[in-house]
Amino acid sequence: MSEATTEQIELSQHQTRNWLLMGIVGALVLMVQGFFTYVITSTGAEVKETNRGLNDLVSTVKVQQVQQDWLRDQIAQLNAARKDAAEAHKNYDIRLNGLEQAVALQNQWIQSHNPGK
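Residues numbered from 1 in each chain as written. Predicted model: local features only at pLDDT ≥ 70, side-chain atom pairs only at ≥ 80, totals over all residues. Heavy atoms only, no water.

**Quick look at the environment of T41**
Link 1 in the chain: For T41, the position within the fold is in helix α1 (residues 3-113).
Link 2 in the chain: What makes T41 exposed here is its relative accessible area of 52%. (Helix = DSSP H or I, 4+ residues; strand = E, 2+ residues; numbered from the N terminus. Buried < 20%, exposed > 50% of the residue type's maximum accessible area, 1.4 Å probe, protein only.)

**Some details on the environment of Q67**
Link 1 in the chain: Examined against the element boundaries, Q67 turns out to sit in helix α1.
Link 2 in the chain: Placed 40 residues apart in sequence, Q67 and A27 show a C-alpha to C-alpha distance of 59 Å.

**A look at the pattern of salt bridges**
Link 1 in the chain: As enumerated under the stated definition, the model contains 2 salt bridges in all.
Link 2 in the chain: Residue R52 pairs with E49 through a salt bridge whose shortest N-O separation is 2.7 Å. Pair noted here: R52 and E49 are both in helix α1, with a separation of 3 residues, about one helical turn.
Link 3 in the chain: Its relative accessible area of 46% is what places E49 among the partly exposed residues.
Link 4 in the chain: Note that R72 is salt-bridged to D69, the shortest N-O span being 2.8 Å. You can see R72 and its partner D69 sitting in helix α1, 3 residues apart, about one turn around the helix.
Link 5 in the chain: Residue classification places R72 among the partly exposed residues on the basis of a relative accessible area of 47%. (Salt bridge = Lys/Arg side-chain N within 4 Å of Asp/Glu carboxyl O.)

**A look at a nonpolar patch on the surface**
Link 1 in the chain: On the surface, a nonpolar cluster with roughly 520 Å² of combined accessible area is contributed by L20, L21, I24, L28 and M31.
Link 2 in the chain: As for its position among the elements, I24 is in helix α1. (Patch = residues over 30% accessible without salt bridge, like charges linked within 9 Å, V, L, I, M, F, W, Y side chains within 5 Å. Areas by Shrake-Rupley, 256 points an atom, 1.4 Å probe, with all protein chains shown as cover.)

Structure (structure tokens):
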């Protein structure tokens, strides 16, 4: 074999080896790309599920907040009603004491003007 033929055979072998290496590198790149696609897709699904969970949690917190606000309003109304009832009770006691005193004075006047009975 001549030197030119040997060089062409080596060149052909190098080209074949280079194409084979490029194919292997391309396959590895496609595998890595597929893996990253899988990771990104699964992470996206997890994020979506987490987002749904957070939305449910926020909704629950909002409902609880509304319930707490309603309870606070009810407590404030009950405290106001208790205060009003205490004031009314105080006024009734004052009036009742005044009536008892008036009845006592009237009884005393009657007894002092009707000594025989």
